[in-house]
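Okay, here's what each chain looks like letter by letter:
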Protein chains: 2
Amino acid sequence: MQQETGRRSNRERSDETRERLIEAARRLFVDKSYAETGTPEIAREAGVTRGALYHHFADKQALFAAVVEREASTVADEIERHTTTSSTATIALIEGGEAYLKAMAAPGRTRLLLLDGPAVLGRSGMDEVDNRHGNRTLKQGLEAAIKARQIRDLPLDALTGLLGAAFDRAALAIDAGADAEPYRTALAGLIEGLVPTP
Amino acid sequence: MQQETGRRSNRERSDETRERLIEAARRLFVDKSYAETGTPEIAREAGVTRGALYHHFADKQALFAAVVEREASTVADEIERHTTTSSTATIALIEGGEAYLKAMAAPGRTRLLLLDGPAVLGRSGMDEVDNRHGNRTLKQGLEAAIKARQIRDLPLDALTGLLGAAFDRAALAIDAGADAEPYRTALAGLIEGLVPTP
DNA sequence: CTGTTGCATACATGCAGCCTGTATGTTATT
DNA sequence: AATAACATACAGGCTGCATGTATGCAACAG
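Residues numbered from 1 in each chain as written. Chains lettered and ligands numbered in written order. Predicted model: local features only at pLDDT ≥ 70, side-chain atom pairs only at ≥ 80, totals over all residues. Heavy atoms only, no water.

Considerations on the overall build of chain A
Stage number 1. Counting its secondary structure elements, chain A contains nine helices and zero strands.
Stage number 2. Seen through its C-alpha atoms, chain A measures out along the principal axes to roughly 70 × 35 × 25 Å.
Stage number 3. Across the 198 residues that make up chain A, the buried fraction comes to 46%.
Stage number 4. Pairs at least 24 residues apart make up 65% of the contacts formed inside chain A by residues separated by at least 6 positions.
Stage number 5. With an accessible surface of roughly 10,200 Å², chain A has 48% of that area assigned to carbon and sulfur atoms.
Stage number 6. Within chain A, the 30 negative side-chain charges are centred at a point lying 4 Å from the centre of the 26 positive side-chain charges. (Helix = DSSP H or I, 4+ residues; strand = E, 2+ residues; numbered from the N terminus. Buried < 20%, exposed > 50% of the residue type's maximum accessible area, 1.4 Å probe, protein only. Contact = heavy atoms within 4.5 Å. Areas by Shrake-Rupley, 256 points an atom, 1.4 Å probe, with all protein chains shown as cover. Lys, Arg positive; Asp, Glu negative; His and termini not counted. Charge placed at Lys NZ, Arg CZ, Asp CG, Glu CD.)

Below, the structure is given as structure tokens:
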């Protein structure tokens, strides 16, 4: 099974194996869902044996967690890259939302992060991932906007969760083939509704 | 295996068996999740054999679909019962939301309808269930409110989906042990924000 | 009206194939 | 030599199907 790759350090061996496992698992989890993907197929696709898989990950779920963790991190990076410090808080929120929807349009992301993720890791598990990567920026944006009196003073954590869920739902619908425009409009409407009426 | 239940019609036999299977499956799916519940255990708990299960349902997923269908129907009934035709559209929406949160507080409902449901049946599958039972009333409420100019004119289907997702997220958070009050406040804030500012 | 006959429905049982996780063996680093 | 990084083999369990059996039902004969 092992190729003629010459002499490599243990660290290099490990890293490459982990990498190949995560990449292969991601492909299959995206194509067929977590439940319908077996570890034999993952190992085959990665060019390794199941022994290697279970050497690096406690179980199939831990491998899935690694895939989700990386995906969430990538999404956060893409958002941060496409983000511009905008004038008003609401515009910043809307633009951040656009960036999120664009990032979530990458194939398989909605299934990994919004369907299988919560079911396999539990909502609490996904919340931890989200707080490390995802809606940390959303929460900070909302906090700043509230302090600047640009949106109404509502419970921060709850509002972050609700808006995040709305964005998630939009990403899911668009990924399922729905027209994106009505969702952008409705999201903008929800956010603009948070502006205080003096 | 068959008890001394006297002579029963075929219809009675079928109905009772299906009933017992659905009830047993619900208990186990709620306790341990869909993935970690096996058909042997379901059949045992229902006092039937796996043969009966596969006679009535095409596969494990079809049994799960039956459980979800019934649960969604029950939730819709409970909401309809606790609903009062209120004065303004926003108040009706907020009260409907309260009823929804109360109904979703029944043990296991969030797992069945909001975690395992979308993962096992797909978001499109759950959308069909929701449209038959769940947010049909939400959509009608929003439609009426828009036509009466009590809330802004936003794309109906998209807005229904986004608000529904926000309510779902609140139900999940509360079920996970979060304080309900901030979520109620934030939800009310979102809805009140939809009132047009002349 | 009753008893029998033939068929359909509602299950029960057994089997084949696959999958997960672990335990144990082997090879490459350090 | 010791340890990390794998490979291989195995045990237990689960799903779905195929086949066997009993019960209900409908029609017809007598």
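Some words on the domain arrangement of chain A
Residue and element names in this part refer to chain A.
Stage number 1. The domain architecture assigned to chain A consists of domain 1 (1-57) and domain 2 (59-192).
Stage number 2. Put simply, the middle of domain 1 and the middle of domain 2, counted by C-alpha atoms, are 29 Å apart.
Stage number 3. Counting from both sides, the interface comprises 18 residues of domain 1 and, opposite them, 16 residues of domain 2.
Stage number 4. For the domain 1 and domain 2 pair, buried surface summed over both sides reaches about 1,500 Å², with 67% attributable to carbon and sulfur atoms.
Stage number 5. The largest share of the area that domain 1 buries against domain 2 comes from Arg 26, Tyr 34 and Phe 57, three residues that together contribute 43% of it.
Stage number 6. Of the charged contacts, one joins Arg 26 and Glu 71 as a salt bridge, the two residues approaching to 2.5 Å between their closest N and O atoms.
Stage number 7. Summed over the shared surface of domain 1 and domain 2, the number is nine residue pairs in polar contact (both at pLDDT 80 or more).
Stage number 8. For the side of domain 1 that touches domain 2, the secondary-structure elements that each account for two or more residues are helix 1 (10-32), helix 2 (39-46) and helix 3 (50-56).
Stage number 9. Taken together, the residues of the side of domain 1 that touches domain 2 sort by class into 11 nonpolar, three polar and four charged. (Domains from an automatic or database assignment. Buried area = accessible area lost by both parts, 1.4 Å probe. Salt bridge = Lys/Arg side-chain N within 4 Å of Asp/Glu carboxyl O. Polar contact = N/O pair within 3.5 Å; in protein donor to acceptor, adjacent residues only side chain to side chain. Nonpolar A, V, L, I, M, F, W, Y, C, P; charged D, E, K, R; others polar.)

So, the protein's contact with DNA strand C
Stage number 1. In the vicinity of DNA strand C there are 24 residues, among which Thr39(A), Arg50(A), Tyr54(A), Ser14(B) and Thr49(B) approach most closely.
Stage number 2. Looking at DNA strand C alone, sugar and phosphate atoms form 71% of those within 4 Å of the protein.
Stage number 3. For the surface near DNA strand C, the secondary-structure elements that each account for two or more residues are helix 2 and helix 3 of chain A together with helix 1 (10-32) and helix 3 (50-56) of chain B. (Near = heavy atom within 4 Å.)

Re the protein's contact with DNA strand D
Stage number 1. Inspection of the region around DNA strand D gives 24 residues, with Thr49(A), His56(A), Thr39(B), Arg50(B) and Tyr54(B) positioned closest.
Stage number 2. Here the atoms of DNA strand D within 4 Å of the protein split so that 75% fall in sugar or phosphate, with bases taking the remainder.
Stage number 3. At 2.4 Å, a side-chain N or O of Thr39(B) approaches a phosphate oxygen of DNA strand D.
Stage number 4. Here a phosphate oxygen of DNA strand D sits 2.4 Å away from a polar atom, N or O, in the side chain of Tyr54(B).
Stage number 5. The set of elements that each furnish at least two residues to the surface near DNA strand D consists of helix 1 and helix 3 of chain A together with helix 2 (39-46) and helix 3 of chain B.
Stage number 6. Here the residues of the surface near DNA strand D sort into five nonpolar, 13 polar and six charged.

A word on the packing of helix 7 (residues 136-147) of chain B against helix 8 (residues 156-175) of chain B
Geometry of a packed helix pair, given as the angle between the helix axes and the separation of the axes.
Residues and elements named next belong to chain B.
Stage number 1. The N-to-C vectors of helix 7 and helix 8 enclose an angle of 125 degrees; their axes lie 10 Å apart at closest approach. The orientation of helix 7 with respect to helix 8, classified from their angle, is oblique. Viewed along their axes, helix 7 and helix 8 form a crossing whose handedness is right-handed. Note on element contacts: helix 8 touches helix 7 through Leu 156, Asp 157, Leu 159, Thr 160, Leu 163 and Gly 164, opposite Leu 138, Lys 139, Leu 142, Glu 143 and Ile 146.
Stage number 2. Class assignment of the residues belonging to the contact of helix 7 with helix 8 gives a composition of six nonpolar, two polar and three charged. (Axes fitted to C-alpha atoms, helices over the stretch in contact; angles between N-to-C directions. Parallel < 35°, antiparallel > 145°, perpendicular 65-115°, else oblique. Left-handed = near helix turned anticlockwise from the far one by under 90°.)

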